[in-house]
Amino acid sequence: MLRKYVIPICSAIFFLSGCGPERREPKPVLSIQETAAEALSVLRSRSQHTGPLKANGQCVWQYYSNGKRRKESFWVRLWVNPPGEVYLQGDVGFNPRGIVLGSNASEFWLLIKPELSRYSWGKWSEQDNSSGLMVVPKTLDEAFGIVEVVDEKSWSLSREGGFDVLIWRNDKGGIAKKMYINRRDYLIRKIEYFDVNGNVLALAELDKYKGVTEDFFVPNVIRIMMYGRDGAEDSDSITLNLKSVKSMDFSDKQRSAFFSLPPTKGYKHIYRIIEGHLVEEPQ
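Please read all numbers here as calculations on a predicted model, not as lab measurements. (Residues numbered from 1 in each chain as written. Predicted model: local features only at pLDDT ≥ 70, side-chain atom pairs only at ≥ 80, totals over all residues. Heavy atoms only, no water.)

Engineer: Got a minute to help me understand the pairing of strand β10 (residues 188-194) in this structure?
Structural biologist: Each regular strand displays side chains that alternate between the two surfaces of the sheet. By the criterion of burial, β10 is predominantly enclosed, with six of the seven residues buried. Taking the residues that link successive antiparallel strands as the turn, the strand β9 (residues 175-182)-β10 hairpin has five residues, and the phi of Y186 there is positive, at about 55°. Judged from the five bridges that link them, β10 and strand β11 (residues 200-213) form a sheet pairing that is antiparallel. Of the residues in β11, the one forming a bridge with E192 is L203. The hairpin formed by β10 and β11 contains five residues between the paired strands, and G198 there has a positive phi angle of roughly 85°. (Buried < 20%, exposed > 50% of the residue type's maximum accessible area, 1.4 Å probe, protein only. Helix = DSSP H or I, 4+ residues; strand = E, 2+ residues; numbered from the N terminus. Pairing = 2+ DSSP bridges.)

This is the structure:
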């Protein structure tokens, strides 16, 4: 029931955290961006106001199993310390930690109990660009307006309707990512990721931005779609509706508890993820 794309889908979800309707609305952006450098500059300025938070909400997961479309809904709680430190737990099957997902700067993990009793983990350095897992570490940053720019010459700017579209190309000149930015408030509304062959790898749609603080906005509704390596749409999608979000300062003890790789004790199956593939490890 838990298929190979569960990890990237769920990870990307908790990386894209949101907030409740009581929060303030984003203000319009008055200036017009003419170049990729100018657009990236606006996103960088937003990153100065990001901060740690905690939130909860409802997750709806739709997938195909044995030729039938199925849907599961469960309550989630999450803690985010950008960039890259994330902890999420989902209440599945009356177990408040039925699903546990986490990430830090070097590692990520997905724990499932009791149905599968499976512990999966990996290192970011061991994933390749064709793997859906590589979508994960950047999605949170980009949802918060943080864009890591190694070479500005790899970016270009185009316009589609009411959106500025930032396009990043890999070292071979192929499109690796597109970010659709609403020109009115200059918040990211959609991100497309592409594999090395130019096929769409994943799609994140971000909606209903609200403010955590005066200058810190995150999406309240996030929809994630994952696609196969050949560009065909995979059957899995997840929609996250967060009901509340609050800023939070993590103590050293809390950071260690939430954002460190958990012990494997108590899990029947342990898998290491290397370049998107599961490799079972001996107990």
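Engineer: Can you help me understand the nonpolar core in this one?
Structural biologist: Where a protein is soluble and globular, its nonpolar side chains tend to be buried together. With 45 residues, the main nonpolar core has L43, L53, L78, L166, M179 and I188 as its most contacted residues. Counting residues in hydrophobic clusters, the runner-up holds 13 residues, among them V100, W121, Y267 and I270. (Core = buried A, V, L, I, M, F, W, Y, C linked by side-chain atoms within 4.5 Å.)

Engineer: Explanation requested: the environment of F258 in the structure shown.
Structural biologist: The residue F258 is located in helix α4 (residues 252-259) in this model. Residue F258 is classed as buried on the basis of its relative accessible area, which comes to 17%. In the structure, F258 is positioned 172 residues away from V86 in sequence and 7.5 Å away in space, judged by C-alpha atoms.

Engineer: What's the story with the pattern of salt bridges in this structure? I'm lost.
Structural biologist: Should the charged atoms of two oppositely charged side chains come close, the side chains can pair. Applying the stated criterion to the full structure yields nine salt bridges. A salt bridge links D185 to R189, with the nearest nitrogen and oxygen atoms 2.5 Å apart. Of the residues examined, R189 reaches a relative accessible area of 17% and is grouped as buried. Salt-bridge contacts for R223 lead to E205; the nearest nitrogen and oxygen are separated by 3.7 Å. With R223 in strand β12 (residues 216-227) and E205 in strand β11, this residue pair connects regions lying 18 residues apart in the sequence. Note on R223: relative accessible area 34%, which makes it partly exposed. A single network of salt bridges, built from pairs that share partners, joins E34, R159, D164 and R183. (Salt bridge = Lys/Arg side-chain N within 4 Å of Asp/Glu carboxyl O.)

Engineer: How do you make sense of helix α2 (residues 36-47) when you look at a structure like this?
Structural biologist: Helical periodicity: at 3.6 residues per turn, an α-helix aligns residues three or four positions apart in one direction. Between its first and last C-alpha, α2 extends 17 Å over twelve residues, near the 16 Å set by a 1.5 Å rise per residue. Regarding α2, the residues found buried are A36, A39, L40, V42, L43 and R46. Buried residues of α2 fall within an arc of 155° about the axis and therefore sit on the same side. For α2, the elements touching its buried residues are β7 (155-160), β8 (163-169), β9, β10 and β12. (Expected span 1.5 Å × (residues − 1). Arc of directions from axis to C-beta. Contact = heavy atoms within 4.5 Å.)

Engineer: Would you explain the packing of aromatic side chains in this entry?
Structural biologist: The way to describe two aromatic rings as a pair is by their centre distance and the angle between their planes. As enumerated under the stated definition, the model contains nine aromatic pairs in all. Between F163 and Y180, the ring centres sit 6.4 Å apart and the planes meet at 80°, which makes this aromatic pair edge-to-face. A residue pair is termed long-range when its members are at least 10 positions apart, and F163 in strand β8 and Y180 in strand β9 qualify at 17 residues. Classification of F163 as partly exposed rests on a relative accessible area of 30%. Classification of Y180 as buried rests on a relative accessible area of 9%. The cationic tip of K190 hangs over the ring face of Y180; the distance from NZ or CZ to the ring centre is 4.3 Å. (Phe/Tyr/Trp six-rings, centres within 6.5 Å; stacked < 30°, edge-to-face > 60°. Lys NZ or Arg CZ within 6 Å of the ring centre and 35° of its normal.)

Engineer: Honestly, unusual backbone geometry in this entry has me stumped. Any pointers?
Structural biologist: The backbone of Y186 sits at a positive phi, close to 55°, despite the residue not being glycine. Summarising the element assignment, Y186 is placed in the loop between β9 and β10. Even without glycine at this site, K208 takes up a positive phi of about 55°. Along the chain, K208 falls in strand β11. A residue is classified by how much of its surface remains accessible, and K208, at 47% relative accessible area, is partly exposed.

Engineer: Explanation requested: the environment of R69 in the structure shown.
Structural biologist: Structurally, the position occupied by R69 is in strand β2 (residues 68-81). A C-alpha to C-alpha distance of 9.4 Å links R69 and D236, two positions 167 residues apart in sequence.

Engineer: Could you clarify how one ought to interpret the pairing of β2 in this entry?
Structural biologist: Of the strand pairs in this sheet, β2 and strand β3 (residues 85-92) are connected by seven bridges, and their pairing is antiparallel. Bridge pairing in β3 links V76 to G90. Connecting the antiparallel pair β2 and β3 is a turn made up of three residues, with G84 showing a positive phi of about 100°.

Function cannot be read off these values alone, since they describe shape.
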